[in-house]
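Geometric and topological summary
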Amino acid sequence: MSILCQSFPATTISPSTRSPLHIHNNKTRPAVSFTRPTPRPSIVKCRTRTHRCYCSTSTMPLASSSPLKDSLRYSRAYWVSRSIIAWDLDAVGGSCFLYSSKSAALSVAQNGIEGYDLNIELERCDQRLPENVRDKFPHIKDYKAFKVPATLDLKNILKDQLAVALFDSSGQCISVTGLQLPGVIDDVFSYTGPLGAVFSNEAIDLYIWAPTAQNVTAFIYNEPSGGEIALVAQLKESNGVWSGNVPRSWEGCYYVYEVSVYHPSTSQIEKCYANDPYARGLSGDGKRTFLVNLDSDDLKPHKWDDLGDEKPNIADFSDISIYELHVRDFSANDPNVHPEIRGGYLAFTSQDSAGVLHLKKLSDAGLTHIHLLPTFQFDDVDDQKENWKFVDTEMLESLPPDSAEQQEYITEIQNADGYNWGYNPVLWGVPKGSYATNPNGPSRIIEFRKMVQALNRIGLRVVLDVVYNHLHGNGPVDDNSVLDKIVPGYYLRRNTDGFVENSTCVNNTASEHFMVDRLIIDDLLNWVVNYKIDGFRFDLMGHIMKSTMMKAKSVLNNLSRDKDKIDGSSIFLYGEGWDFGEVANNGRGVNASQLNLGGTGIGSFNDRIRDALLGGSPFGHPLQQGFLTGLSLQPNGHDHGTEANAARILALSTDHIQVGMAANLKDFVLTNYDGQEVKGSEIPTYGGSPVAYATQPVETINYVSAHDNETLFDIISLKTPMEISVDERCRINHLATSIIALSQGVPFFHCGDEILRSKSLDRDSYNSGDWFNRIDFSYNSNNWGVGLPPKGKNEKSWPLIKPRLASASFKPNKSHILSALENFQNLLLIRYSSVLFRLRTANAIQERVRFHNTGPSHVPGVIVMSIEDGHEGVPGLTRLDPIYSYIVVIFNSCPTDISFESPVLRGKALELHPVQMMSTDNSVKNSTYDPSTGCFSIPSRTTSVFVEPRNV
């Protein structure tokens with residue numbers, strides 16, 4: 001096979017017979033200096049964030065006196081299949097031509113386009129775009145269709161700069177634009193074969209999908225940075241895939257791809273230097289791909305291959321409970337963890353650390369899953385710790401609790417310290433190097449596996465937070481750009497002008513494209529097979545197509561313990577099903593939004609219950625109150641309208657919460673506050689969409705707090721009246737977690753919900769450093785009052801925040817924290833004491849769950865829920881729980897004790913749950929039930945669980 005190579009003085013290595021690379025080995029040659037193009041203004045960095053990463057804005061063409069002159073900067077036509085180009089034109093008659101230039105020399109002249117190598121007339125079609133095209137590209141469904149000649153050499157012309165031009169009947173050019181190519185690329189170059197570095201006994205095969213590239217070269221180095229190029233290898237293309245092989249002896253070295261390709265953002269042929277999109281390891285500076293075989297025994301902890309048999313059992317997804325945790329938060333402040341591993345993967349293996357002992361307590365109480373914030377390779381934290389900057393924490397601790405100085409020191413170094421949430425993806429398939437003891441070589445791989453193994457061995461399965469909806473970099477020169485350097489314009493979703501969509505924050509990806517969908521599925525398989533991950537939380541899942549999510553679920557479900565050493569049926573998928581931006585209302589195809597996921601078994605976060613419990617929304621006024629925070633019953637001075645209006649909002653919020661507690665099932669029937677029997681889907685949110693959308697319990701992830709926005713304790717401290725006591729705020733915190741813990745569906749908790757965690761009222765701590773994100777598993781402090789939160793996202797609320805931080809009455813002490821922890825453990829014990837709290841089907845919930853304090857005469861601020869079980873040998877409900885036949889849970893959010901009487905609940909043999917009877921919470925022990933009247937007496941701000949034991 002004839003393969004081109006660069007001619008350097010070297011020792012020639014004979015190529016193998018399998019798609020060989022023509023290799024020149026030069027270990028003594030001076031390092032080659034690459035000249036990169038000067039950065040162009042098509043990539044603009046700014047400090048504005050709408051999500052959790054720095055946003056980019058696509059630079060639009062400057063105004064010009066000649067509209068056609070700048071037309072090639074736009075890509076308003078779509079090459080949607082082999083045979084069709086779609087363009088939004090109103091003109092009738094005339095002719096349309098396709099132009100190509102291999103050297104990217106196209107330009108607009110007075111009479112049309114110049115600098116082309118080829119021009120071809122396209123045939124105008126009278127019919128609509130084909131149905132399959134309209135389904136794939138619904139946003140252009142009404143565009144006009146132009147037919148491409150069948151004889152055109154697509155595989156070569158798609159490597160060129162391309163444009164179309166329309167001429168009127170007199171031959172005058174009236175419109176010109178570039179083309180978007182993902183449709184035709186999918187049609188011609190969809191590929192299911194191997195990608196990345198594939199290891200065999202004698203060789204390493206390299207495969208990279210780059211169908212629009214004109215040339216691809218691999219540069220191989222012995223070192224992770226610096227040093228000489230040890231190997232220059234020219235890859236050969238076949239059907240869009242460039243491949244070749246090197247001897248197995250190069251394992252452990254590093255490589256970079258040089259891709260020569262037309263880039264639409266610069267309208268030039270660029271030489272792009274990029275990592276392998278299928279990289280499984282990286283250099284410490286993130287600029288070279290590590291040649292690593294993940295199946296090597298040297299990379300496996302002891303008994304790693306047996307971990308599938310050691311994992312804690314999950315009988316049904318309804319049994320799951322999730323605890324969200326940031327890797328660095330977990331141990332960065334734990335003096336019991338060795339400094340070398342503090343803030344990293346290996347901290348989870350430190351069995352006697354405060355953090356691990358805390359997780360063991362939660363696991364022993366029933367918690368099943370740890371959700372880790374992003375652990376893939378992300379930007380904005382240097383993997384090389386020697387480059388980090390630090391602040392003197394002793395100095396910070398000496399400052400007043402409401403001072404602005406702390407945040408000044410933190411923000412001064414925030415882009416050079418070791419902290420970031422990590423929603424800035426660079427490479428999805430590589431563990432983040434900053435969490436490893438050594439970012440070079442295989443340490444990050446081995447240590448990540450040890451972390452998973454350690455968590456599994458204390459009874460906790462591991463969920464990864466994956467961010468497939470966007471990428472941190474784009475263009476031909478950005479160090480964080482990978483995919484957009486290799487197949488420019490394909491991986492990133494573009495608007496109808498051809499510019500990258502940024503609704504997720506920056507650089508939206510396009511899972512509706514075949515190879516993006518494939519990359520996501522392959523990456524999930526990588527984490528499951530190579531790291532034995534137990535579930536995935538999809539960031540902004542609504543920006544991913546539903547078909548991708550369904551394929552992911554199917555592919556993972558097909559993994560078996562016998563063949564793959566993985567039980568794929570136990571892998572749980574859930575995410576943020578928000579529906580906004582260009583994908584809203586199925587704008588780019590049927591997306592994985594809340595309203596589209598019914599029946600899939602994929603979970604989505606239930607923001608309805610969160611907002612109803614707390615009040616308002618994360619985007620509303622911070623003092624808006626809700627069911628928990630005093631709406632109507634204990635006003636905080638914010639204008640909620642008339643008393644009648646506040647009472648009505650509280651009643652509607654209560655309906656929202658009750659539907660959420662019934663797993664947010666769309667067909668669950670309850671009596672609303674007006675006294676009407678309605679389905680969950682018939683209750684509107686404030687925006688008009690239905691409250692309920694799920695058809696299965698596991699499709700609802702109930703939560704009241706997460707890493708986004710204020711912590712639970714902070715938001716309670718902000719929304720409740722300033723004059724209430726810290727004791728009351730702590731009880732509200734417990735009440736909030738109790739509603740989530742005792743609801744049907746999957747409960748989700750933010751790390752620290754259970755110990756009153758504070759971030760000093762920071763509403764977006766993604767880049768607020770260890771200082772504002774500190775968590776203390778020794779329970780001495782909850783981190784309240786460590787200064788005004790960073791100015792960027794919080795300054796407008798400083799007038800509200802400052803007096804609260806300054807008041808000593810807001811800060812809990814250790815006894816408050818320990819009580820909160822005990823209460824949380826008790827909630828988990830109660831949830832797992834009866835399967836009735838974890839019903840597995842929608843039908844079971846409809847048959848067994850009832851809400852009693854409903855209709856126009858309901859007691860405001862109180863929810864009364866019962867769960868009924870059947871009896872052996874008695875017609876009707878089947879028996880599920882061998883211990884309890886009936887459960888009543890009463891949630892009293894009122895600032896006063898309440899009594900509730902129900903004829904339906906008379907004559908029961910109910911008693912307070914034994915876990916609550918054994919607790920140190922004296923308030924809940926004062927809860928009573930009178931069977932003769934069906935009357936319950938419940939202390940203020942208390943959740944009381946009554947059970948009817950069977951006569952065993």
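Residues numbered from 1 in each chain as written. Predicted model: local features only at pLDDT ≥ 70, side-chain atom pairs only at ≥ 80, totals over all residues. Heavy atoms only, no water.

Here we look at the overall build of the protein chain
Within the protein chain, the regular secondary structure consists of 24 helices and 42 strands. A compact globule built from 952 residues would reach a C-alpha radius of gyration of about 30 Å, and the protein chain, at 30 Å, matches this within 12%. Within the protein chain, the fraction of its 952 residues that count as buried is 61%. Here the contacts in the protein chain between residues at least 6 apart in sequence split such that 73% fall between residues at least 24 apart. (Helix = DSSP H or I, 4+ residues; strand = E, 2+ residues; numbered from the N terminus. Rg over C-alpha atoms; globule rule 2.2 N^0.38 Å. Buried < 20%, exposed > 50% of the residue type's maximum accessible area, 1.4 Å probe, protein only. Contact = heavy atoms within 4.5 Å.)

A word on the nonpolar core
Within the largest apolar cluster, 218 residues are counted, with the highest numbers of intra-cluster contacts made by Trp79, Trp209, Phe536 and Phe538. Excluding residues that lie within four positions of it along the chain, phenylalanine 538 makes contacts with Val466, Tyr468, Leu524, Ile544, Met549, Leu573, Tyr574, Gly575 and Glu576. In terms of nonpolar packing, the next biggest core, distinct from the first, is built from 16 residues, Leu540, Phe572, Phe605 and Phe748 among them. (Core = buried A, V, L, I, M, F, W, Y, C linked by side-chain atoms within 4.5 Å.)

Observations regarding the packing of helix α6 (residues 354-365) against helix α21 (residues 814-831)
Two numbers describe how α6 lies on α21: the axes approach to 8 Å, and their chain directions differ by 35 degrees. Residues His358, Lys361, Leu362, Asp364 and Ala365 of α6 pack against Leu821, Phe824, Gln825, Leu828 and Leu829 of α21. Considering only residue class, the contact of α6 with α21 consists of 6 nonpolar, 2 polar and 2 charged. (Axes fitted to C-alpha atoms, helices over the stretch in contact; angles between N-to-C directions. Nonpolar A, V, L, I, M, F, W, Y, C, P; charged D, E, K, R; others polar.)

Regarding the confidence of the model for the protein chain
Summarising the model, the protein chain shows a mean pLDDT of 93, and 93% of its residues fall at 70 or more. Contacts for the low-pLDDT stretch residues 1-65, under 50 throughout, to residues beyond four places or in other chains number 169 contacts. (pLDDT = per-residue confidence, 0-100.)

Observations regarding the packing of aromatic side chains
Evaluation of the coordinates by the stated rule reveals 38 aromatic pairs. With a centroid separation of 5.9 Å and an interplanar angle of 70 degrees, the aromatic rings of tyrosine 78 and tyrosine 143 are classed as edge-to-face. Here the residue tyrosine 78 occupies a position in strand β5 (residues 77-79), and tyrosine 143 occupies one in the loop between α1 (131-136) and β11 (144-147), the gap between them amounting to 65 residues. For the pair tyrosine 78 and tyrosine 143, a shared accessibility class is recorded, and that class is buried. The interplanar angle of 40 degrees and the centroid separation of 6.4 Å between the aromatic rings of phenylalanine 97 and tyrosine 99 together place this pair among those described as tilted. No difference in accessibility class separates phenylalanine 97 from tyrosine 99, as the two residues are buried. (Phe/Tyr/Trp six-rings, centres within 6.5 Å; stacked < 30°, edge-to-face > 60°.)

Here we look at the state of the cysteines
Applying the stated rule across the entire model yields 0 disulfides. Residue cysteine 894 stays outside any disulfide, its sulfur separated by 14 Å from that of cysteine 935, the closest cysteine. Cysteine 894 sits in the buried class, given a relative accessible area of 6%. (Disulfide = S-S within 2.5 Å.)

A closer look at the pairing of strand β41 (residues 935-938)
For strand β38 (residues 898-901) and β41, the ladder comprises 4 bridges, and the chain directions are antiparallel. Residue pairing in the sheet places isoleucine 898 in a bridge with isoleucine 938 of β41. Pairing of strand β40 (residues 928-930) with β41, which is carried by 3 bridges, proceeds in the antiparallel orientation. Note that in β41 the partner of aspartate 930 across the bridge is cysteine 935. Between the end of β40 and the start of β41, which pair antiparallel, lie 4 residues, with glycine 934 showing a positive phi angle near 70 degrees. (Pairing = 2+ DSSP bridges.)

A short note on the sheet that holds strand β7 (residues 95-101)
Read around the closed barrel, 7 strands run β5-β6-β11-β10-β7-β12-β13, paired in mixed fashion. Adjacent strand axes in the sheet meet at a mean angle of 35 degrees, parallel and antiparallel pairs treated alike. Examined bridge by bridge, β7 and strand β12 (residues 161-167) share 7 bridges and lie antiparallel to one another. Looking at the pairing, cysteine 96 lines up with leucine 166 of β12.

Details of the pairing of β11
Alignment of strand β6 (residues 84-87) against β11, held across 4 bridges, turns out to be antiparallel. Residue pairing across strands places tryptophan 87 opposite lysine 144, the latter belonging to β11. In the sheet, strand β10 (residues 118-124) pairs with β11 via 2 bridges, with the strands oriented antiparallel. From the neighbouring strand, glutamate 123 faces β11, where its bridge partner is lysine 147.

As for the sheet that holds strand β35 (residues 849-851)
Spatial ordering of the open sheet is given by β35-β36-β37-β42-β39, a layout of 5 strands whose pairing is antiparallel. Of all the strands in the sheet, the pair left with one neighbour each is β35 and β39 (911-912). Sheet topology places β39 next to strand β42 (residues 942-949); 2 bridges connect them, and they run antiparallel. By the bridge assignment, glutamate 911 is partnered in β42 with valine 947.

Some remarks on the packing of helix α11 (residues 514-531) against helix α12 (residues 546-557)
Close contact between α11 and α12 brings their axes to 10 Å; oriented N to C, the two are set at 35 degrees. In this structure, α11 crosses over α12, and the sense of that crossing is right-handed. The residues of α12 that touch α11, namely those facing Asp517, Ile520, Ile521, Leu524, Leu525 and Val528, are Thr548, Lys551, Ala552, Val555 and Leu556. Tallied by class, the residues present in the contact of α11 with α12 amount to 8 nonpolar, 1 polar and 2 charged. (Left-handed = near helix turned anticlockwise from the far one by under 90°.)

As for the environment of serine 321
The residue serine 321 is located in the loop between α4 (307-310) and β23 (322-325) in this model. On a C-alpha basis, the gap between serine 321 and threonine 368 in space is 5.4 Å, while along the polypeptide they are 47 residues apart. Excluding anything up to four places from it in sequence, serine 321 contacts Gly366, Leu367, Thr368, His369, Pro747, Leu828 and Tyr832. A distance of 2.8 Å separates a polar atom in the side chain of serine 321 from a polar atom in the side chain of tyrosine 832. (Polar contact = N/O pair within 3.5 Å; in protein donor to acceptor, adjacent residues only side chain to side chain.)

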